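The residues making up each chain are set out below.
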Amino acid sequence: MTQVAFPKMLSSQIAFDIARTILDGFDKHYRLFRAASKAAKRHFETASWAVAQRAARERIDYYDQRVQETVTTLEGGYTADELGDAVWRETKLHYIGLLSGHKQPELAETFFNSVSCRILHRSYYHNDFLFVRPVISTEYIETDELLPTYRVYYPAVDGLRFALKRIVTNFQLDCSFANLDRDVQLVEARMSEAFGLDQLEPNQQFQVLSNLFFRNKGAYIVGRAINGARDYPFVIPLLHNRRGELVLDTVLTDPRQIAVLFSFTRAYFLVDMEVPSAYVQFLRSLLPRKPKSEIYTLLGLQKQGKTLFYRDYLQHLKHSSDQFQIAPGIRGLVMLVFELPSFPYVFKVIKDFYPPPKDTTRAQVKEKYLLVKHHDRVGRMADTLEYSDVAFPLHRFSEALLAELREYAPSLIEIEDEHLIVKHLYIERRMVPLNMFLAEAGQANDEARLEHGILEYGNAIRDLVAANIFPGDMLYKNFGLTRQNRVVFYDYDEIEYLTDCVFRDVPEARTEEEEMAAEPWYPIGKHDVFPEQFGRFLLGNSKIRHYFMKHHADLLTRAWWQAHQDRILAGEVQDIFPYPQHIRFHHPLTTPAQTSEAPSLLETQQ
């Protein structure tokens, strides 16, 4: 009996030790994650913008670093036999027990999956070894009594203006306000107009998340006003003026503007959360159309976002019957793009080879996507979800799509039983390609839509430039329109830092032969860019040319690009406002608007 029981006991002890090691790895990760989020408050108070940007980029890599550390510890401490099936099954059970009372159980489950997938063969990616579904509930997790998830204020008791002032001062920012009483009065007037707070119901209250949301040069107060049966979301941005004093720049009360603030096209927020699921639940009440996966992602918990996205995808796959097919639009030279029409995302696979004039490699393309992941996307670049070894049901693929995958990306696909395995792909939200939008507007003689598309296209380029990004390939097919009719860039294989480019004027021809030459007669360096030539590729349509020259003629000049490059090289961090300029309170000493955010032409006509 002893000989039979001892191996079983030993296996259980090994399983427990492995579970403890994995959870210790996660706890270290989240401790560092929270430390970075807390430091964002200090960076904001001292206006240390370059430091803040660097810290935000570094935080993105924390998760993978801790996963690799944990994998290295396990592989160094145990043999392959000790990490066998029976032990791993027990490990998961021990891990579930360790999560009792944990403040971030859903994140810890995802961390367990990440470590497991690094150790196990993909044939073991199933329920016995991974958290395919959440096991620990995140409902009503207790928070620190001294800092609940949100604070509650009662304007009917304290007065609206006093309640608003308390909301701001309770964050105890270590810097002075330029004129807080004036700003609070402006917020009060706009809220009263938007929410009808002149008639207060007995349950009237403000619920405000207890920690600020930091991104770029702004801090954001996020809350909701409750009055009777109605909930009203609001966000108050805080900025520094030129004297280093704080101002309340505006208050966002339009759900569409709040949705843009929390868009998948922007950098991740830094916010200190003891119980992230409670923050997600609160934000979901403000943004009911936004899936939980996107909310986790925009809070900087992108691995959890990936996990929830994949669960949503599997559910959709189970309850749909349409086929995956080649995405509409002009075929890319580098990426093969396909879609499931009933699912609002596209799947992008890097091809095995690229025809001229493309000169790149798969590794270089992946580096470009990683650059975008770490960079401030300023509302103009789509975030992507990167996956490996994704199993698709083979019978759901159209013959045309299968043929293209076999022709252009054979090294990335395998067929196992009834599944097509794609070894590496990117997934991003589906948008309307700008070239298709402009073509449809032109055919319908819809001048407003045509002008809006071109105005937004140029605005997108301006915002990218403000963030030190040169798109590289500026053709309309590489841009798309979101649900908010904002133009976003999504083709990254030629993206470059603006500061790496050399902007030049085309040299004046010295002879008639040079002037008539079919090919450039002057030397062109790898990073040379000639803005005056953009029109040859972009402005063939007379109506498009008219609206482009009306709004963006300066984009065709070397001087414009050079001026912005000089500004970045001088160390200036430009303001990127994620809300329309016309709703700002326009404090006299606030940094002037330098971005192109403006009311949509389509909105102004509705």
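Just so it is clear, the model here is predicted, and its values are computed rather than measured. (Residues numbered from 1 in each chain as written. Predicted model: local features only at pLDDT ≥ 70, side-chain atom pairs only at ≥ 80, totals over all residues. Heavy atoms only, no water.)

Asks: Is there a simple way to explain the overall build of the chain in this structure?
Replies: Each helix and strand in the chain was counted, giving 21 helices and 19 strands. For the chain, the spread of C-alpha atoms along the three principal axes comes to 100 × 70 × 45 Å. Sorting the 606 residues of the chain into buried and exposed places 53% on the buried side. Relative to all contacts within the chain whose residues are 6 or more apart in sequence, the contacts with residues 24 or more apart total 70%. Looking at charge distribution, the chain has the averaged site of its 70 positive side-chain charges lying 3 Å from that of its 80 negative ones. (Helix = DSSP H or I, 4+ residues; strand = E, 2+ residues; numbered from the N terminus. Buried < 20%, exposed > 50% of the residue type's maximum accessible area, 1.4 Å probe, protein only. Contact = heavy atoms within 4.5 Å. Lys, Arg positive; Asp, Glu negative; His and termini not counted. Charge placed at Lys NZ, Arg CZ, Asp CG, Glu CD.)

Asks: Explain the side chain of Q304 to me, please; I cannot follow it from the model alone.
Replies: Mapped onto the secondary structure, Q304 falls in helix 12 (residues 302–318). Its relative accessible area of 3% is what places Q304 among the buried residues. A distance of 2.5 Å separates a polar atom in the side chain of Q304 from a polar atom in the side chain of T110. Contact partners of Q304, with chain neighbours within four places excluded, come to E106, L107, T110 and Y296. (Polar contact = N/O pair within 3.5 Å; in protein donor to acceptor, adjacent residues only side chain to side chain.)

Asks: Can you walk me through helix 19 (residues 542–552) in this structure?
Replies: For the α-helix, the turn length of 3.6 residues means that residues three or four positions removed from each other point alike. The complete set of buried residues in helix 19 reads I544, Y547, F548 and H552. Buried residues of helix 19, viewed axially, fall in a sector of 105°; they line one side. Residues of helix 19 that are exposed and point over 90 degrees away from its buried face: S542 and K550. Contact partners of the buried residues in helix 19: helix 15 (434–443), helix 16 (447–466) and helix 18 (534–538). Here helix 19 starts with a cap whose side-chain oxygen sits 2.9 Å from the backbone nitrogen of K543, and that cap is N541. (Arc of directions from axis to C-beta.)

Asks: Would you mind showing me how to read the environment of E386 here?
Replies: Note that E386 resides in strand 10 (residues 385–393). Separated by 73 residues in sequence, E386 and N459 have C-alpha atoms that sit 28 Å apart. Among the polar contacts made by the side chain of E386, one reaches the side chain of H424 at a distance of 2.6 Å.

Asks: Help me understand the sheet that holds strand 13 (residues 432–433), please; the structure alone is not making it clear to me.
Replies: Strands belonging to one sheet form pairs held by backbone hydrogen bonds; the direction of such a pair is parallel or antiparallel. If you trace the three strands from one edge of the open sheet to the other, you get 13-15-16, paired in antiparallel fashion. Lying at the two open borders of the sheet, with one neighbouring strand each, are strand 13 and strand 16 (487–489). Here strand 13 runs beside strand 15 (residues 479–481); their pairing, made up of two bridges, is antiparallel. Bridging across to strand 15, P433 finds its partner in G480. (Pairing = 2+ DSSP bridges.)

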